[in-house]
Amino acid sequence: MGGYIFDLTVVALLIIGFTATLGVLTNGIGEKLFSGKKGSVFVDQSLKIQTGWKQVGGKRK
């Protein structure tokens, strides 16, 4: 029974890891191929909105 649970856990982790990796790769490829000239519009807009915000948490450098 312990071997079955171990095998099930290993297979589940492999499937989850493969799916997550494939999702990141597919997203990156899709952004490069289909974004055109507006590839970073949302990132740029987010950075523009966040300018001047106070940094919260973490250690000061």
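Residues numbered from 1 in each chain as written. Predicted model: local features only at pLDDT ≥ 70, side-chain atom pairs only at ≥ 80, totals over all residues. Heavy atoms only, no water.

Enquirer: Whenever I open this one, the overall build of the chain confuses me. Can you help?
Expert: Along its length, the chain carries two helices and zero strands. A compact globule built from 61 residues would reach a C-alpha radius of gyration of about 10 Å, whereas the chain, at 20 Å, exceeds it by more than 25%. With the C-alpha coordinates of the chain rotated into their principal frame, the extents come out at 55 × 40 × 15 Å. Here the chain, with 61 residues, has 0% of them falling under the buried criterion. (Helix = DSSP H or I, 4+ residues; strand = E, 2+ residues; numbered from the N terminus. Rg over C-alpha atoms; globule rule 2.2 N^0.38 Å. Buried < 20%, exposed > 50% of the residue type's maximum accessible area, 1.4 Å probe, protein only.)

Enquirer: Looking at this model, I keep getting lost on the environment of Thr51. Mind explaining?
Expert: Tracing the backbone through its elements, the reader meets Thr51 in the segment after α2 (41-50). Residue Thr51 is classed as exposed on the basis of its relative accessible area of 57%. Within the structure, the side chain of Thr51 is placed 2.9 Å from the backbone oxygen of Lys48, a separation counted as a polar contact. (Polar contact = N/O pair within 3.5 Å; in protein donor to acceptor, adjacent residues only side chain to side chain.)

Enquirer: How do you make sense of the environment of Thr21 when you look at a structure like this?
Expert: As for its placement among the helices and strands, Thr21 is situated in helix α1 (residues 2-34). Thr21 gets classed as partly exposed once you look at its relative accessible area, which sits at 45%. Taking the C-alpha atoms as reference points, Thr21 and Gly52, separated by 31 residues in sequence, lie 34 Å from one another.

Enquirer: In this structure, what is going on with α1? I would like to understand it.
Expert: The α-helix winds at 3.6 residues per turn, so residues separated by three or four positions along the chain end up facing the same way. Under the 1.5 Å per step criterion, the end-to-end length of α1 is 47 Å for 33 residues, consistent within 8% with the ideal 48 Å. Once α1 ends, the next one or two residues include Gly36, with phi positive near 65°. (Expected span 1.5 Å × (residues − 1).)

Enquirer: I keep staring at a nonpolar patch on the surface and nothing clicks. Help me out?
Expert: Residues Met1, Tyr4, Ile5 and Leu8 make up a contiguous nonpolar surface patch of roughly 500 Å² in combined accessible area. Following the sequence through the fold, Tyr4 ends up in helix α1. (Patch = residues over 30% accessible without salt bridge, like charges linked within 9 Å, V, L, I, M, F, W, Y side chains within 5 Å. Areas by Shrake-Rupley, 256 points an atom, 1.4 Å probe, with all protein chains shown as cover. Salt bridge = Lys/Arg side-chain N within 4 Å of Asp/Glu carboxyl O.)

Enquirer: Help me out: how do you make sense of the environment of Lys38 in this one?
Expert: Here Lys38 is to be found in the loop between α1 and α2. Linking Lys38 and Leu22, residues 16 residues apart in sequence, is a C-alpha distance of 24 Å.

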